[in-house]
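# A look at the structure
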Amino acid sequence: MILPNDVLNIIENLESAGYETWAVGGCVRDSLLGLTPKDYDVATSCPFAVTNTLFPRTVKTGEAYGTITVLTPSIPVEVTSFRLESHYADSRHPENVLLAHDIITDLSRRDLTINAMAWHPKRGLCDPFGGKADLQKRVTRAVGDPNIRFKEDALRILRCLRFASELDFDIEINTLESIKNLAPTLKNISAERISCELGRLLAGVRPQLCALAIEYGGLADFGLEHIKQPDLLCRIPDSATLRLAGLLWLSLDDKSASKIQSILRRMRLDNRTIHKVKSLLSGLDITLPTDAAALKRKFSILKPEIWGDILSLRSVLLNEDNEEIYQLLSKISGQPWNRSMLDISGDDLHDMGYDNRMVGEVLQALTELVLYHPELNTKDALLNQAKDYNSLKDKISEGHL
Ligand code: ATP
Ligand code: MG
């Protein structure tokens, strides 16, 4: 394993101060898989308070858990004192974080064997739980007895599914059995943490694994108890938001806006995601327009930029072939569809002598006109039409645009 110099320097610094120090967790796993680690975590026998004094630039990111972030010229590195957590009150909070004296004890409290390996620049790999063999077998397996480990912290259930989805792994059989039995204890975990892991699970290559969490009662608090055809999820583009919309579509009998809103709120998602998922689901629920003007009219509710996603969801979930509407979308791209896109303003109409009440009415009629004739969206053409407003009004009411 090749560690970046800044990480090596941190390890050497702690070791020369007399503390055993290893690179641990995700960076070891990813390196063994031939992937570039996203970040580097370091575990050390050095107590938190001492680590803080050994480096000039640090941030106390997780004091309660003995974690400090060391800022280096290249990357921030999380340095955590060896930990031992043995007693959990409610599948959630370690009662108190006890320090361990050795790396093996620290690794033993980690979630999965593939995440419970350490690397030392001189001593090499430390793999007491068979993580490397599990990487080769391509399985996610709890460290130790899965029943005990999942009872300590139910989030590990979802993490196990999440890593299996991200890495395209299977779940080791005893670990799977335990997931089935203990999924309902996910109710003890905060909605934010569940949503975060669920999002990563959905964005992975096996999003259908969410069905295990759902069918065994892990997401019942969100109102999700069954899912039909979970295999469809992997055909949706690999975005957590799109696949979450797909998951809701496949799981809910009642797909009303208020039901969806309440589930998304319970999931504690941010407003932007909530808005997007709601728009995607409402886009699944409409009859698709067949001509350009009707499509542009829909843009006031479903903005043009969301239509590509709506159509890709529809093709998977409704089994539609949307070739024609894709073509229509690209043809009308950039064309005006609301008042603010007109090449004329209310002031221009005031200057022509229209009063306030009429200005709104005329702008509305001109918007209607350019839905059918985008080529007329020039100042001159619109002023001409505004001069002859009565005839425009007649054409609109007769449907002769
Ligand atoms: P990635 O950052 O790609 O998600 P990672 O392995 O770094 O992967 P983190 O969530 O950052 O995952 O956690 C860092 C390490 O901490 C893990 O590799 C694992 O050893 C340990 N860990 C994280 N969460 C838990 C948990 N709930 N129970 C036990 N160990 C955990
Ligand atoms: Mg990480």
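Residues numbered from 1 in each chain as written. Chains lettered and ligands numbered in written order. Predicted model: local features only at pLDDT ≥ 70, side-chain atom pairs only at ≥ 80, totals over all residues. Heavy atoms only, no water.

### Some points on the overall build of the protein
Broken down by element type, the protein carries 20 helices and eleven strands. Scaling as 2.2 N^0.38, a compact globule of 401 residues should have a C-alpha radius of gyration of about 21 Å, whereas the protein reaches 29 Å, well beyond that. For the protein, the spread of C-alpha atoms along the three principal axes comes to 90 × 50 × 35 Å. Scored against the burial criterion, the 401 residues of the protein give a buried share of 49%. Taking contacts inside the protein between residues at least 6 apart in sequence as the whole, the part at least 24 apart equals 62%. Here the protein displays about 19,200 Å² of accessible surface, and carbon together with sulfur accounts for 49% of that area. Taking the average place of the 47 positive charges on the side chains of the protein and the average place of its 55 negative ones, the gap between the two points comes to 2 Å. (Helix = DSSP H or I, 4+ residues; strand = E, 2+ residues; numbered from the N terminus. Rg over C-alpha atoms; globule rule 2.2 N^0.38 Å. Buried < 20%, exposed > 50% of the residue type's maximum accessible area, 1.4 Å probe, protein only. Contact = heavy atoms within 4.5 Å. Areas by Shrake-Rupley, 256 points an atom, 1.4 Å probe, with all protein chains shown as cover. Lys, Arg positive; Asp, Glu negative; His and termini not counted. Charge placed at Lys NZ, Arg CZ, Asp CG, Glu CD.)

### Digging into the domain arrangement of the protein
The accessible area lost on association of the parts is a frequent measure of interface size. The assigned domain composition of the protein is domain 1 (1-137), domain 2 (138-263), domain 3 (286-331) and domain 4 (339-398). The straight-line distance from the C-alpha centre of domain 1 to that of domain 3 is 49 Å. (Domains from an automatic or database assignment.)

### Quick word on the packing of helix H11 (residues 240-251) against helix H15 (residues 307-317)
Two elements in contact, H11 and H15, have axes whose closest approach is 11 Å; the angle formed by their N-to-C orientations is 40°. Classified by the angle their axes make, H11 and H15 are oblique. H11 and H15 meet at a crossing whose hand is right-handed. Residues Leu242, Ala245, Gly246, Trp249 and Leu250 of H11 touch H15, and the partners they reach there are Asp309, Ser312, Leu313 and Leu317. Grouping the amino acids of the contact of H11 with H15 by side-chain chemistry returns six nonpolar, two polar and one charged. (Axes fitted to C-alpha atoms, helices over the stretch in contact; angles between N-to-C directions. Parallel < 35°, antiparallel > 145°, perpendicular 65-115°, else oblique. Left-handed = near helix turned anticlockwise from the far one by under 90°. Nonpolar A, V, L, I, M, F, W, Y, C, P; charged D, E, K, R; others polar.)

### Regarding the pairing of strand E2 (residues 41-44)
Relative to E2, strand E1 (residues 21-24) runs antiparallel, the two sharing four bridges. Within the sheet, the bridge partner assigned to Val24 lies in E2 and is Asp41. Judged from the four bridges that link them, E2 and strand E5 (residues 76-81) form a sheet pairing that is parallel. Bridge pairing links Thr44 to Ser81 in E5. (Pairing = 2+ DSSP bridges.)

### Section: the pattern of salt bridges
Within this structure, the stated rule accounts for 24 salt bridges. Between Glu152 and Arg156 there is a salt bridge, with its nearest N and O atoms 2.8 Å apart. Residues Arg297 and Glu368 are paired through a salt bridge, measuring 2.3 Å at the closest nitrogen-oxygen approach. Residue Arg297 is located in helix H14 (residues 292-298), and its partner Glu368 is located in helix H18 (residues 356-372); the two are separated by 71 residues in the primary sequence. Among the residues examined, Glu368 registers a relative accessible area of 18% and is labelled buried. (Salt bridge = Lys/Arg side-chain N within 4 Å of Asp/Glu carboxyl O.)

### Focus: the sheet that holds E1
Taken together, seven strands build an open sheet; the order of strands is E3-E4-E5-E2-E1-E8-E9 and the sheet is mixed. Every other strand in the sheet has two partners, leaving strand E3 (58-62) and strand E9 (124-126) as the edge strands with one partner each. Pairwise comparison of adjacent strand axes, ignoring direction, gives a mean angle of 35° for this sheet. Direction of pairing for strand E8 (residues 118-120) relative to E9: antiparallel, over a ladder of three bridges. Looking at E9, one finds that His120 is bridged to Gly124.

### Description of helix H13 (residues 271-284)
An ideal rise of 1.5 Å per residue puts 20 Å on 14 residues; H13 measures up with 20 Å between its terminal C-alpha atoms. Residues of H13 that are buried: Thr273, Ile274, Val277, Ser279, Leu280, Leu281, Gly283 and Leu284. Buried residues along H13 sit in contact with H11, helix H12 (257-266) and H15. (Expected span 1.5 Å × (residues − 1).)

### Observations regarding the nonpolar core
Counting residues in each nonpolar core, the largest one holds 94 residues, and the members touching the most others are Leu224, Leu248 and Trp307. With eight residues, the single largest contributor to this core is helix H7 (residues 155-167). Here Trp307 is in contact with Ile286, Leu288, Pro289, Leu295, Lys298, Phe299, Leu302, Ile325 and Leu329, once residues within four sequence places are set aside. Grouped together as the second largest cluster of nonpolar side chains are 16 residues, Leu342, Ala365, Leu382 and Ala386 included. (Core = buried A, V, L, I, M, F, W, Y, C linked by side-chain atoms within 4.5 Å.)

### What to know about the confidence of the model for the protein
Where the model shows low pLDDT, its predicted coordinates should not be examined in detail. Per-chain confidence: the protein averages 94 in pLDDT, with 97% of residues scoring 70 or above. When the criterion is pLDDT under 50, residues 86-91 qualifies, and its contacts beyond four places in sequence or with other chains add up to 15 contacts. (pLDDT = per-residue confidence, 0-100.)

### Topic: unusual backbone geometry
In this model, Arg268 sits at a positive phi of 55°, which is unusual for a non-glycine residue. The phi angle at Asn319 is positive, at roughly 55°, despite the residue not being glycine. Tracing the backbone through its elements, the reader meets Asn319 in the loop between H15 and helix H16 (323-332).

### Focus: H15
For H15, the tally of buried residues reaches nine of eleven residues, placing the bulk of the element in the interior. Taken residue by residue, H15 has Trp307, Asp309, Ile310, Leu311, Ser312, Leu313, Arg314, Val316 and Leu317 as its buried positions.

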